[in-house]
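Residues per chain, in single letters:
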Amino acid sequence: MTASQALLDVRDLRKSFRRSAGTFSGGSESERFTAVDGASFRVAAGETFAIVGESGCGKTTLARMLLRLIEPDSGQVYFAGENLLAAGGSGLRALRRQMQMVFQDPFASLNPRMRVGEIVAEPLAIHERALSHRERRNTAALMLARVGLGADALDRYPHEFSGGQRQRIGIARALILQPKLVVADEPVSALDVSVGAQVLLLLQQLQREFGLTYVFISHSLPVVAQLATQVAVMCAGRFVETGPARQILEHSRHAYTRQLLASVPEVPLPK
Ligand SMILES: Nc1ncnc2c1ncn2[C@@H]1O[C@H](COP(=O)(O)OP(=O)(O)OP(=O)(O)O)[C@@H](O)[C@H]1O
Ligand SMILES: [Mg+2]
């Protein structure tokens, strides 16, 4: 894959945080630790690039930098050849609408005071100012139907829905602008296994239907095995191993990956 073929081209991204004072004996107030320590990878259009690793290894920090929801300390992100970190104003807005995020917690990520129709249509209200209220509402209804929810959902509030339904609402919101890239950060880890499995199937269908590219974050190898075409194994802020999903899941050579694999009884391998 050449750089020009990659939808997403990430080079040496780094982010450190200040450790809170007094957390460690003798630690000075200005002591910093590195949450993401030089992540580089490329994702071709249509791929599902999974990032897998234990809690606290830096996955969410990396995901948020990809969409510039937090600013990296250094490194570069190219989206369809455009330099995301150098973009500003209308250029940045144009890039942002093509990259959307699905969040882990379907309870915290939806505004409880907004109706579902407004939640799903909000990105249109921001990016498609010329659309009428009615057009936005109609588009939201269509999007809800794509994720398996009826038009009656439009006027209801998030608390009236189950976790799986809420995650579907979050997905409808993420897709309403027809983005190219979706970064999904542990999208099923808050759900029961069977509910989560249905949401994964939905994500796969939507990927085909809309030609989406996914960066898919998970601590669960069985989940990753179901969706991923490429896998990066992350440990303490670094990628320890990256490659085609089958190779990583079947023929991992890295001790840390083997340890992760050994901790799950049976990983179904990707087709
Ligand atoms: N805003 C912040 N300020 C200080 N430290 C932070 C901040 N955000 C994250 N961290 C720390 O950075 C490290 C990586 O956090 P991150 O949330 O990226 O991990 P993660 O891999 O997503 O974990 P999990 O699987 O639990 O979601 C953790 O030690 C976390 O406490
Ligand atoms: Mg996280």
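Residues numbered from 1 in each chain as written. Chains lettered and ligands numbered in written order. Predicted model: local features only at pLDDT ≥ 70, side-chain atom pairs only at ≥ 80, totals over all residues. Heavy atoms only, no water.

## Focus: helix 1 (residues 59-66)
Defined as follows: Three exposure classes are used, based on accessible area relative to the maximum for each residue type with a 1.4 Å probe and protein chains only: buried under 20%, partly exposed in between, and exposed over 50%. In this description a helix means any DSSP run of H or I spanning at least four residues, a strand means any run of E spanning at least two, and both kinds are numbered starting from the N terminus.
When you tally the buried positions in helix 1, you get 6 out of 8 residues, the bulk of the element. All buried positions along helix 1 are accounted for by Lys59, Thr61, Leu62, Ala63, Met65 and Leu66. Directly after helix 1, the chain includes Arg68, whose backbone phi takes a positive value near 60°.

## Some points on the sheet that holds strand 3 (residues 48-53)
Using the following cut-off: Should DSSP find at least two bridges between two strands, the strands are taken to pair. Each axis is a line fitted through C-alpha atoms, taken for helices only over the stretch in contact, and angles between the N-to-C directions span 0 to 180 degrees. Note on contacts: a residue pair qualifies if any of its non-hydrogen atoms lie within 4.5 Å across the two residues.
Spatial ordering of the open sheet is given by 6-7-8-3-9-10, a layout of 6 strands whose pairing is mixed. What marks the edges here is a single partner per strand, and that holds for strand 6 (99-102) and strand 10 (238-244). Put simply, the sheet's adjacent strands are angled 15° from each other on average, direction ignored. Pairing between strand 7 (residues 181-185) and strand 8 (residues 213-218): 5 bridges, direction parallel. Opposite Val183, over in strand 8, you have Val215 as the bridge partner. This element, helix 6 (residues 193-210), spans strand 3 and strand 8 of the sheet and lies at about 160° to strand 8.

## Some remarks on the site of ligand 1
Stated formally: Any residue with a heavy atom positioned within 4 Å of a molecule or strand is treated as near that molecule or strand. For this analysis, a polar contact is any N or O atom pair within 3.5 Å, provided that within protein one partner can donate a hydrogen and the other can accept it, and provided that sequence-adjacent residues contribute only side-chain to side-chain pairs. Here the open area of atoms and residues is found with the Shrake-Rupley method and a 1.4 Å probe, where only the protein chains shown may cover a residue. For this classification, Asp, Glu, Lys and Arg are treated as charged, while Ala, Val, Leu, Ile, Met, Phe, Trp, Tyr, Cys and Pro are nonpolar and the rest, including Gly, are polar.
Phe17, Phe33, Ala35, Glu54, Ser55, Gly56, Cys57, Gly58, Lys59, Thr60, Thr61 and Glu186 make up every residue found near ligand 1. A distance of 2.5 Å separates an oxygen atom of ligand 1 from a polar atom in the side chain of Ser55. A distance of 2.7 Å separates an oxygen atom of ligand 1 from a polar atom in the backbone of Gly56. Relative to its unbound accessible surface of 640 Å², ligand 1 loses 59% to contact with the protein. Of all the elements, helix 1 adds the most residues to the shell around ligand 1, at 3 residues. Residue classes in the shell around ligand 1 are distributed as 4 nonpolar, 5 polar and 3 charged.

## Notes on the side chain of Ser252
Position of Ser252 relative to the elements: it lies in the loop between helix 8 (245-251) and helix 9 (255-262). Here the side chain of Ser252 touches Glu241 through a polar contact of 3.0 Å, side chain to side chain.

## A few points about the pattern of salt bridges
As a reminder of what qualifies: A side-chain nitrogen of Lys or Arg and a carboxyl oxygen of Asp or Glu constitute a salt bridge if their distance falls within 4 Å.
With the rule as written, the count across this model stands at 15 salt bridges. Ionic pairing is found between Arg14 and Asp37, a salt bridge with its closest N-O pair at 2.8 Å. Within this pair, whereas Arg14 is found in strand 1 (residues 6-18), its partner Asp37 is found in strand 2 (residues 32-44), the two being separated by 23 residues in sequence. Exposure remark for Arg14: the relative accessible area of 30% places this residue in the partly exposed category. The class for Asp37 is buried, based on a relative accessible area of 17%.

## Considerations on the nonpolar core
Generally speaking, soluble globular proteins have nonpolar side chains that are buried together. Note the cut-off: Think of a nonpolar core as a cluster: buried Ala, Val, Leu, Ile, Met, Phe, Trp, Tyr and Cys residues, connected wherever their side-chain atoms sit within 4.5 Å.
Of all hydrophobic cores here, the largest spans 39 residues; its most connected members are Val120, Leu144, Ile169, Ile171, Leu175 and Leu206. Taken together, the elements giving at least two residues each to this core come down to helix 3 (116-127), helix 4 (133-146), helix 5 (163-175), strand 7, helix 6, strand 8 and helix 7 (221-227). The element contributing the most residues to this core is helix 6, with 6 residues. Those residues in contact with Ile171 that lie beyond four places of it in its chain are Val102, Val147, Val199, Leu202, Leu203 and Leu206. Core analysis: the next-biggest nonpolar cluster, separate from the first, contains 31 residues, Ile51, Ala63, Met65 and Leu66 among them.

## Some thoughts on the confidence of the model for the protein chain
Counted only if it meets this: By definition, pLDDT measures how confident the predictor is in each residue, and it falls between 0 and 100.
Here the protein chain averages 91 in pLDDT, and 92% of its residues register 70 or above. The weakest mean pLDDT in the protein chain belongs to helix 9 at 84; the strongest belongs to strand 4 (residues 74-79) at 98.

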